[in-house]
Amino acid sequence: MSLRIGIVGAGANTRERHIPGFQEIDGVEVVAVCNRSRESGQRAADDFGIPTVYDDWKELVHAPGVDAVCIGTWPYLHCDITLEGLAAGKHVLTEARMAMNLAEARRMLDAARASDKVTMIVPAPINLETEPTLLDMVAAGAFGDWLEVHVTALTGGWNPGAPLHWRQRRDLSGNNIMAMGILNETVRRYVGHDRTVMAHAHIFTGERTDAESGTARAVDVPDSLGILSELESGATAVYHVSSVAAHGSMSFEMHGTKGSIRLEGDKALVARDDSGWQELVVAPEKQWGWNVEADFVDAVRDGRPVTHTNFEDGLKYMAFTEAVQVSLREGRKVELGEL
């Protein structure tokens, strides 16, 4: 079965991963592209040999020569393009940060359930290589009952003169704050879902220059975020996320009654009993990794279930981000069940 892909939003991740990934698969063609401007769309077409450039994403979505749409835009268009794509009978793969908010995510999930087309979100790409082995260990009870989760994502650096980034604009990124959703998606794969959330945040540079207009614009997405979550299992999760920590690091620690997991860079370490941390050795037959484009194609061609990431799981991390925003706005602990 041949599959013709249309690209809406040819940003860095789309150019580095999705377009080359699709073009490596037999019987798959990237046949159309639409970007923020005709010029940038044409550059992508020239760079990757894509035959058709559209000025309007709706024209691409409704083109009869397109079977599936890959959405590489910022979150502010994910819902609109997904709904339009499904209505037009197209399969949909959308970039991470499923939507602007929980209401949009619910609309997307409802439309997906009413459709016979494949829908998929680009998954959190953290430690995919070791995940199948770790999940087997979790399922076998190797770590016991979860007690504590600690997520550190300290990145970026102090640069108040840098221009405004789209991630610092809520009208483009919605409720998503830095990598919060991707971090939560990763955590819940191992330890389950959140019951309550309490959050604190800070914006260190309140105004930056918009590079497109040259004018000053308010920053309305935090530079620093702390989250305290109670999981449905009763475990406690603590997140510290920052974009101003020049010499920071990223790591996940999950501690249970029988052992612990630590995800650090591209390594996974485990500790059981009193043995201390040991790097996890993955059997060759269980080695995994980035397989997003092939997974999407397999789901379309062969009906394989989407696991990384389906819209149901996307809705759950959007509920988490919604709870964080409510907590920040109202200064209280938020029950996810109330959303």
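Let me begin by describing the structure that accompanies this report.

### Observations concerning helix H9 (residues 292-302)
For step 1, the next point in the chain: Those residues of H9 that fall on the buried side of the exposure criterion are Val 292, Glu 293, Phe 296, Val 297, Asp 298, Ala 299 and Val 300.
For step 2, the next point in the chain: Contacts made by the buried residues of H9 are with strand E1 (3-8), helix H1 (12-23), strand E2 (28-34), strand E4 (68-71), strand E5 (91-94) and strand E6 (119-121).
For step 3, the next point in the chain: Immediately beyond the C-terminal end of H9, within one or two residues, lies Gly 303, with a positive phi of roughly 75 degrees.

### Comments concerning the sheet that holds E2
For step 1, the next point in the chain: Pairing within the open sheet is parallel, and its six strands lie in the order E3-E2-E1-E4-E5-E6. In the strand order of this sheet, the two ends are held by strand E3 (52-53) and E6, each with one partner.
For step 2, the next point in the chain: Sitting on the sheet, helix H10 (residues 311-330) is in contact with E5 and E6, with an inclination near 45 degrees to E6.

### Describing unusual backbone geometry
For step 1, the next point in the chain: Residue Thr 309 is bonded to the preceding His 308 through a cis peptide linkage, with omega at 0 degrees.
For step 2, the next point in the chain: With respect to the helices and strands, the residue Thr 309 is situated in the loop between H9 and H10.
For step 3, the next point in the chain: Residue Arg 97 is not a glycine yet carries a positive backbone phi of 65 degrees.
For step 4, the next point in the chain: Its place among the elements puts Arg 97 in the loop between E5 and helix H5 (102-113).
For step 5, the next point in the chain: In the Ramachandran plot, Met 178 falls in the positive-phi region, its phi being about 50 degrees despite a non-glycine side chain.
For step 6, the next point in the chain: Following the sequence through the fold, Met 178 ends up in the loop between helix H7 (170-173) and helix H8 (180-191).
For step 7, the next point in the chain: Accessibility expressed as a relative area gives 14% for Met 178, which makes it buried.

### Some remarks on the environment of Leu 102
For step 1, the next point in the chain: The residue Leu 102 is located in helix H5 in this model.
For step 2, the next point in the chain: In the structure, Leu 102 is positioned 217 residues away from Ala 319 in sequence and 5.7 Å away in space, judged by C-alpha atoms.
For step 3, the next point in the chain: The contact partners of Leu 102, leaving out residues within four places of it in the chain, are Leu 315, Met 318, Ala 319, Glu 322 and Leu 339.

### Describing the side chain of Ser 251
For step 1, the next point in the chain: Within the secondary structure, Ser 251 sits in strand E13 (residues 250-256).
For step 2, the next point in the chain: By relative accessible area, Ser 251 is classed as buried at 12%.
For step 3, the next point in the chain: Look past the residues within four positions of Ser 251 in its chain and what remains in contact with it is His 150, Val 151, Thr 152 and Leu 263.

### Quick notes on the packing of H1 against helix H2 (residues 38-48)
For step 1, the next point in the chain: Orientation of H1 relative to H2, taken along the N-to-C sense of each, is 45 degrees, at an axis distance of 12 Å. As summarised for this structure, H1 and H2 are arranged oblique, according to the angle between their axes. For H1 against H2, the interelement crossing comes out right-handed. When H1 is examined against H2, the residues Arg 15, Ile 19, Pro 20 and Gln 23 are found in contact with a partner set consisting of Arg 43, Ala 44, Asp 47 and Phe 48.
For step 2, the next point in the chain: Here the residues of the contact of H1 with H2 sort into four nonpolar, one polar and three charged.

### Thoughts on the pairing of strand E8 (residues 194-202)
For step 1, the next point in the chain: One ladder, built from eight bridges, connects E8 with strand E11 (residues 224-231); its direction is antiparallel. Directly across from Val 197, in E11, lies its bridge partner Ser 229.
For step 2, the next point in the chain: Sheet topology places E8 next to strand E17 (residues 334-335); two bridges connect them, and they run antiparallel. From the neighbouring strand, Val 197 faces E17, where its bridge partner is Val 334.

### Focus on the environment of His 150
For step 1, the next point in the chain: By the element assignment, His 150 lies in strand E7 (residues 146-154).
For step 2, the next point in the chain: Separated by 105 residues in the primary sequence, His 150 and His 255 have C-alpha atoms spaced 8.6 Å apart.

### A closer look at the pattern of salt bridges
For step 1, the next point in the chain: Counted under the stated rule, the structure contains 19 salt bridges.
For step 2, the next point in the chain: Where Arg 262 meets Glu 253, a salt bridge forms, and the shortest distance between an N and an O atom there is 3.4 Å.
For step 3, the next point in the chain: Residue class for Arg 262 comes out partly exposed when judged on its relative accessible area of 23%.

What counts, and at which threshold
- Residues numbered from 1 in each chain as written.
- Predicted model: local features only at pLDDT ≥ 70, side-chain atom pairs only at ≥ 80, totals over all residues.
- Heavy atoms only, no water.
- Buried < 20%, exposed > 50% of the residue type's maximum accessible area, 1.4 Å probe, protein only.
- Helix = DSSP H or I, 4+ residues; strand = E, 2+ residues; numbered from the N terminus.
- Contact = heavy atoms within 4.5 Å.
- Pairing = 2+ DSSP bridges.
- Axes fitted to C-alpha atoms, helices over the stretch in contact; angles between N-to-C directions.
- Parallel < 35°, antiparallel > 145°, perpendicular 65-115°, else oblique.
- Left-handed = near helix turned anticlockwise from the far one by under 90°.
- Nonpolar A, V, L, I, M, F, W, Y, C, P; charged D, E, K, R; others polar.
- Salt bridge = Lys/Arg side-chain N within 4 Å of Asp/Glu carboxyl O.

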